[in-house]
Amino acid sequence: MKEYSITVVKTNNPHILKFETNHLLVQRKNYEFKNIDEAKNSPLAQQLFYLPFIKTVYISGDFIGLERYDIVQWEDVKDEVAQQLVEYLNAGEPIVIEEDMDKPIPVTVYAEVTPNPSTMKFVASKKIVGSAFEFKNIDEARDSKLATELFQFPFVKQVFIDENYVSVSKYEVAEWDDITVELREVIRNFITEGKQIVADNAKAIGAEAQVSETITAESTVELDETSQEIVDILEEYVKPAVASDGGNIMFQSYDTDSKTVNVILQGACSGCPSSTFTLKNGIETMLKNMMGDKVNEVVALNG
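Structural notes, computed from the coordinates. (Residues numbered from 1 in each chain as written. Predicted model: local features only at pLDDT ≥ 70, side-chain atom pairs only at ≥ 80, totals over all residues. Heavy atoms only, no water.)

This part covers the pattern of salt bridges. As enumerated under the stated definition, the model contains 13 salt bridges in all. In this structure, K78 engages D79 in a salt bridge whose closest nitrogen and oxygen atoms are separated by 3.3 Å. On the accessibility criterion, D79 (44% relative accessible area) is partly exposed. Taking the shortest distance from any N to any O, the salt bridge between K195 and E193 comes out at 3.1 Å. Taken together, the shared-partner salt bridges in this structure form one network comprising D62, K127 and E163. (Salt bridge = Lys/Arg side-chain N within 4 Å of Asp/Glu carboxyl O. Buried < 20%, exposed > 50% of the residue type's maximum accessible area, 1.4 Å probe, protein only.)

Moving on to the nonpolar core. Most often, soluble globular proteins keep nonpolar side chains buried together rather than apart. Residues L150, I161, V166, L183 and I197 are the most contacted members of the largest nonpolar core, which totals 33 residues. Elements with a minimum of two residues in this core: β7 (119-124), β8 (133-135), α3 (145-150), β9 (156-162), β10 (165-170) and α4 (176-192). Of the residues forming this core, the biggest block, seven residues, is contributed by α4. If we ignore the near neighbours within four places in the chain, the residues touching V166 are M120, K121, F122, I128, L146, L150, V159, F160, I161 and I187. Counting 32 residues, the second largest nonpolar core, distinct from the first, contains I6, Y31, I95 and V96. (Core = buried A, V, L, I, M, F, W, Y, C linked by side-chain atoms within 4.5 Å. Helix = DSSP H or I, 4+ residues; strand = E, 2+ residues; numbered from the N terminus. Contact = heavy atoms within 4.5 Å.)

Okay, the pairing of strand β13 (residues 247-255) next. Pairing of β13 with strand β14 (residues 260-267), which is carried by eight bridges, proceeds in the antiparallel orientation. Bridge pairing in β14 places F251 opposite V263. Connecting β13 to the antiparallel partner β14 that follows it, the hairpin turn spans four residues, and K259 within it adopts a positive phi of roughly 60 degrees. (Pairing = 2+ DSSP bridges.)

A few words on the sheet that holds β9. Read across the sheet, five strands follow the order β6-β7-β10-β9-β8 without closing on themselves; strand pairing throughout is antiparallel. Either end of the sheet is taken by a strand with one partner, and the two such strands are β6 (109-113) and β8. Averaged over all pairs of adjacent strands, the angle between strand axes in this sheet comes to 20 degrees, irrespective of strand direction. With three bridges connecting them, β8 and β9 associate as antiparallel partners. Residue pairing for β9: F133 is matched across the bridge by I161. On top of the sheet, α4 reaches β6, β7, β9 and β10; it is set at about 35 degrees to β7, its chief contact. (Axes fitted to C-alpha atoms, helices over the stretch in contact; angles between N-to-C directions.)

Put into structure tokens, the structure is as follows:
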């Protein structure tokens, strides 16, 4: 059975808070419920409306968004709400009763070049996973049928899956002009048939180093103040740009004595010829400008 955890994430609207999950909640669409009657097909949303301060419930691929009335502040109730959500999800209770699940999912996939000449990014028109996963060989891919299928091609070197895309790294024996169409069709057909991309028990990369306020049924993980500030900057300013290139950057550690930030590069960024240059002239400069003398150096490790 799936084991859920919740990460509390602030939004630009102080009335709305996101409760992100480590597993997909719904497959086909986003849902918005403004009252308990509208939530008749969502037992989870119905239960949330029993909280008197809940105004609107949003349920998407891997998060639950809640809008509150002014009678409370999120700081006073967010931990309790997150714990209730964890208990509800881990009890296996239904989230949304989705109809027509047996029908093929209309989806498009297009290929996009990345700064790494050995990696191509295949972008889907829908969200396919809730977390990032990296597979360096067919043994590591045992928890992903899609990655396992891709490794049947002898020229596939690595597979990185995140959000709505699959990054495939190849050996030099093949040219992208000869293999891109075939790989795109394999990925598109796999998604269209509604197959599970990654098994529920698969471990997402960076699962041990997520941002603070990650709430499980048993514990809460917190980072020190400086590390949290670094994570927030990477999440807001760096990760979106890196993801657009088919890669991922993950905070690993911060050394208070040397003021060194260690990060891990994954996907298209791992082993990319331009990664070191980008890191030294972009990310390191950004952290120094935003954090002053708290950061002396950024060191990148290939995932």
